[in-house]
Amino acid sequence: MESLNETSADRFILLGLTNTPYLQELCVFVFLIMYLVTIAGNLFFIIVVGTSVQLQTPMYFFLCNLSVIDIGFSSTIVPTLLINSVARDKSISLLGCGVQMFFHLALGSTECFILSVMAYDRYAAICQPLHYYKVMSKTVCICLASGSWTVSLINSAIHVVFTFQLPFCRSNHINHFFCEMPPFFYISCRDTWFNEVAMYISASIIGLCSFFLTLISYVSIVLTILKICSTKERMKAFSTCGSHLTVVSLYYGTLTFMYFHPRSDCFPETAKTTSLIYTVVTPMLNPLIYSIRNEEVQNS
C-alpha cells in the first residue's frame, strides 16, 4: 500500500506567502521594490569599492564578497516569489527546485563563513594593528574567501542530493515561497531522521563554529578596546565594528530560529516570516548599513 502512495513528483506547488488577492498584489509591489533596492545597493557598493584606491583593503574585499552573496541570495528567491504571486501556475520543476535549494544553501553557508572571517579581520585590525597587513595579506584573504565558497558549495550539493532522494507521497504542495529543506521533510513518506540529523550537524558545524569564531574575535576586540585610554579613540574603534555586529545579529538570529528549533515546534507561517528576513530583508539592508555607518564609503 505504501509503495502505491509513493510518488517521484517532477513538479512541486509553492503555496507562497498568502492566498488573499489584495495581499498578493501588495507583496508583489513591496518585494519588487526591495529586490531593486537590493540589486542597486549591492552593485553600487561593489562599483564604489572597485573604483576607489583607498578602499582596496581586506575588509572591503570581504564586503564585496558579501555583496555578491546578497545579490545571489535575493536573485535566487525573489523572482520566483514575484512570479508565483501573480501567476496561476505556481508550480516549479524538480530541477528548478533543486537548483534554487542548492544556491540558497550554498550562499547561506558562505555568508556565515564570510561574516566570521570579517570578525577575524576586525580582530587583526584592532588587536594586532602592527601586523595587520601581514596577518591579512592578499594571499590569505583569497584563500579564506575561496575556502568559504568551496566548502559551502560541497555542503550544499550533499544536502540537495539527500533531500531529493526522499520519496514524496503526502503531497506535492510546499507550504513555503521557495524550495527550502524543512518543508520537504513534511511531505516525505519516509522517515527523515537521517536528513534532519545531517541538517543539524551541518548547521552546527557551519553556523555555530562561525558564530563562536565571531564571538571569540569580538571578546578579544572588546578587551583590547577597553584598554584604550582615550574615549575618542575607544569610540572610533567600537564604530568600526558596529555595522558588522548589526548584520551578524540580524542574520544569525533568524537563521538559528529556522534551522535549530525542533521539527514539532515548526509553525509554517512563522517559518515563512523568518525566511523572509534572512533571504529578502537582510540582503537589502547590508549595503545600506555598511554605507550609512561608514565614512570611508561615503567619501568615496
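Residues numbered from 1 in each chain as written. Predicted model: local features only at pLDDT ≥ 70, side-chain atom pairs only at ≥ 80, totals over all residues. Heavy atoms only, no water.

J.: So what's going on with the packing of aromatic side chains? Which residues, and what values?
T.: Throughout the structure, instances matching the rule amount to 12 aromatic pairs. When the ring of F102 is compared with that of F103, the centres are 5.2 Å apart and the planes differ by 80°; the resulting orientation is edge-to-face. On the basis of relative accessible area, F102 is assigned to the partly exposed category, the value being 22%. Among the residues examined, F103 registers a relative accessible area of 39% and is labelled partly exposed. Judged by centre distance (5.5 Å) and plane angle (65°), the ring pair of F164 and F184 falls under edge-to-face. (Phe/Tyr/Trp six-rings, centres within 6.5 Å; stacked < 30°, edge-to-face > 60°. Buried < 20%, exposed > 50% of the residue type's maximum accessible area, 1.4 Å probe, protein only.)

J.: Just give me the short version of the UniProt feature "transmembrane region" (unreviewed entry) in the chain, but keep the residues and values in it.
T.: Mapped onto this numbering, the UniProt entry annotates "transmembrane region" (unreviewed entry) at residues 22-48, 60-82, 102-120, 140-162, 200-226 and 238-260. Note that residues 60-82 is 100% helix and 0% strand, and that its end C-alpha atoms are spaced 32 Å apart. (UniProt positions renumbered as here; feature names shortened; annotations may be inferred. Helix = DSSP H or I, 4+ residues; strand = E, 2+ residues; numbered from the N terminus.)

J.: Explain the environment of D121 to me, using residue names and the numbers behind them.
T.: Residue placement: D121 occurs in helix α4 (residues 94-127). D121 has contacts with P58, M59, Y132 and M136, leaving out every residue within four places of it along the chain. (Contact = heavy atoms within 4.5 Å.)

J.: Before we move on, can you summarise the state of the cysteines with the specific residues and values?
T.: All told, the structure shown has one disulfide when counted by the stated rule. Put simply, C97 and C179 are joined by a disulfide, and their sulfur atoms are 1.8 Å apart. Disulfide C97 to C179: torsion about the S-S bond roughly -110°, handedness left-handed. One end of the pair, C97, is in helix α4; the other, C179, is in the loop between β3 (173-174) and α7 (181-186), and 82 residues separate them in sequence. (Disulfide = S-S within 2.5 Å.)

J.: So what's going on with the sheet that holds strand β1 (residues 11-14)? Which residues, and what values?
T.: Spatial ordering of the open sheet is given by β2-β1-β3, a layout of three strands whose pairing is mixed. Looking along the sheet, the strands with just one partner apiece sit at the ends: β2 (91-93) and β3. Of the strand pairs in this sheet, β1 and β3 are connected by two bridges, and their pairing is parallel. Residue pairing in the sheet places L14 in a bridge with I174 of β3. Packed on one face of the sheet, α4 meets β1 and β2 and runs near 80° to β2. (Pairing = 2+ DSSP bridges. Axes fitted to C-alpha atoms, helices over the stretch in contact; angles between N-to-C directions.)

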